[in-house]
Amino acid sequence: MNKLNILTYPDKFLSRPTQPLDNIDGKVQDMIDKMALAMYDAPGVGLAAIQVGWDKSLLIYDVSPRDEGRFLNVLINPKIITKEGEIVSESEGCLSVPDFRADVKRAASITVEGHDRDGNPLKIDAEGILAIVLQHEIDHLNGTLFIEHISTLKRQMYKRRIKKQLREK
């Protein structure tokens, strides 16, 4: 199985909104399996299809503690239906924004609707880490990186650092 590469900022593809996934076939199942390998290898707790160069509305996540085994979850065409409260996601990071972490304001609880990998409808009421991960990954599907939720100053500092690193290559 070919390994997927995770796109990183400033790749413009990451700012593209994804397209709905209409047909869940063998190609989709294969992509889900490849995404899972990439996410666990990184290691991460969530990954959106756009992060591996596929512009479909699909994300995977696993918030189970690492020492308790893996429990892969798949969400196809997810939509946040409700948001309540506010929480600060402390030291949030992203596989597409390497070597950077920041505090991000997120909704404390959300309700998400979508479909599982077999096309069955799902409704998820989430709070805590699950709510944060789902908001982060759904942002990716909408073409938004988590650094767009932080202060302009912190975002500009990160962008300058990345531009310098790219010039030095």
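Higher on the page you've got the structure.
Residues numbered from 1 in each chain as written. Predicted model: local features only at pLDDT ≥ 70, side-chain atom pairs only at ≥ 80, totals over all residues. Heavy atoms only, no water.

A. Fine view of the sheet that holds strand β1 (residues 46-48). Taken in spatial order, the 5 strands make up an open sheet running β1-β2-β3-β6-β7, and their pairing is antiparallel. What marks the edges here is a single partner per strand, and that holds for β1 and β7 (121-127). Adjacent strand axes in the sheet meet at a mean angle of 40 degrees, parallel and antiparallel pairs treated alike. Note: strand β3 (residues 73-84) against strand β6 (residues 109-115), 6 bridges, orientation antiparallel. Residue pairing in the sheet places Ile-76 in a bridge with His-115 of β6. Lying on the sheet, helix α1 (residues 26-41) is in contact with β1, β2 (58-61) and β3; it crosses β2 at an angle near 40 degrees. Of the strands in this sheet, β1, β2, β3, β6 and β7 are in contact with helix α2 (residues 128-141), which crosses β7 at around 120 degrees. (Pairing = 2+ DSSP bridges. Helix = DSSP H or I, 4+ residues; strand = E, 2+ residues; numbered from the N terminus. Axes fitted to C-alpha atoms, helices over the stretch in contact; angles between N-to-C directions. Contact = heavy atoms within 4.5 Å.)

B. Focus on the environment of Val-104. Among the secondary structure elements, Val-104 is positioned in strand β5 (residues 97-106). Here Val-104 falls in the buried class, since its relative accessible area comes to 0%. It is 25 Å that separates the C-alpha atoms of Val-104 and Asp-55, two residues lying 49 residues apart in sequence. Excluding its chain neighbours within four sequence positions, the residues that come into contact with Val-104 are Ile-87, Val-88, Ser-89, Glu-92, Phe-146, His-149 and Ile-150. (Buried < 20%, exposed > 50% of the residue type's maximum accessible area, 1.4 Å probe, protein only.)

C. Highlighting a nonpolar patch on the surface. A cluster of nonpolar residues, Val-45, Val-63 and Ile-129, forms a patch on the protein surface that exposes about 220 Å² of accessible area. Residue placement: Ile-129 occurs in helix α2. A relative accessible area of 54% means that Ile-129 is categorised as exposed. (Patch = residues over 30% accessible without salt bridge, like charges linked within 9 Å, V, L, I, M, F, W, Y side chains within 5 Å. Areas by Shrake-Rupley, 256 points an atom, 1.4 Å probe, with all protein chains shown as cover. Salt bridge = Lys/Arg side-chain N within 4 Å of Asp/Glu carboxyl O.)

D. Quick peek at the pattern of salt bridges. Following the criterion strictly, the structure yields 6 salt bridges and no others. It is possible to trace a salt-bridge network through shared partners that takes in Glu-92, Arg-106 and Asp-139.

E. Representation of the pairing of β6. As paired elements, β6 and β7 share 7 bridges and run antiparallel to each other. Across the sheet, residue Thr-111 finds its bridge partner in β7, namely Asp-125. Between β6 and β7, which pair antiparallel one after the other, the connecting turn spans 5 residues, and Gly-119 there sits at a positive phi close to 90 degrees.

F. Broad picture of the packing of aromatic side chains. Under the defined criterion, the tally for this structure stands at 3 aromatic pairs. For the ring pair Tyr-9 and Tyr-158, a centre distance of 5.9 Å and an interplane angle of 50 degrees mean the geometry is tilted. With Tyr-9 in the segment before α1 and Tyr-158 in helix α3 (residues 152-168), this residue pair connects regions lying 149 residues apart in the sequence. With a relative accessible area of 18%, Tyr-9 lands in the buried category. Here Phe-100 and Phe-146 contribute two aromatic rings whose centre-to-centre distance is 6.2 Å and whose plane-to-plane angle is 40 degrees, an arrangement assigned as tilted. Of this pair, Phe-100 sits in strand β5 while Phe-146 sits in the loop between α2 and α3; the two residues are 46 residues apart in sequence, bridging distant segments of the chain. Taken individually, Phe-100 and Phe-146 each receive the classification buried, so the pair is uniform in this respect. Chaining the aromatic ring pairs together yields one cluster made of Tyr-9, Phe-100, Phe-146 and Tyr-158. (Phe/Tyr/Trp six-rings, centres within 6.5 Å; stacked < 30°, edge-to-face > 60°.)

G. Local environment of the nonpolar core. Within the largest apolar cluster, 31 residues are counted, with the highest numbers of intra-cluster contacts made by Leu-59, Tyr-61, Val-97, Phe-100, Leu-134, Phe-146 and Ile-147. Secondary-structure elements contributing two or more residues to this core are β2, β5, β6, β7, α2 and α3. For this core, the leading source of residues is α2, giving 6 residues. Grouped together as the second largest cluster of nonpolar side chains are 18 residues, Leu-4, Ile-32, Ala-36 and Ile-60 included. (Core = buried A, V, L, I, M, F, W, Y, C linked by side-chain atoms within 4.5 Å.)

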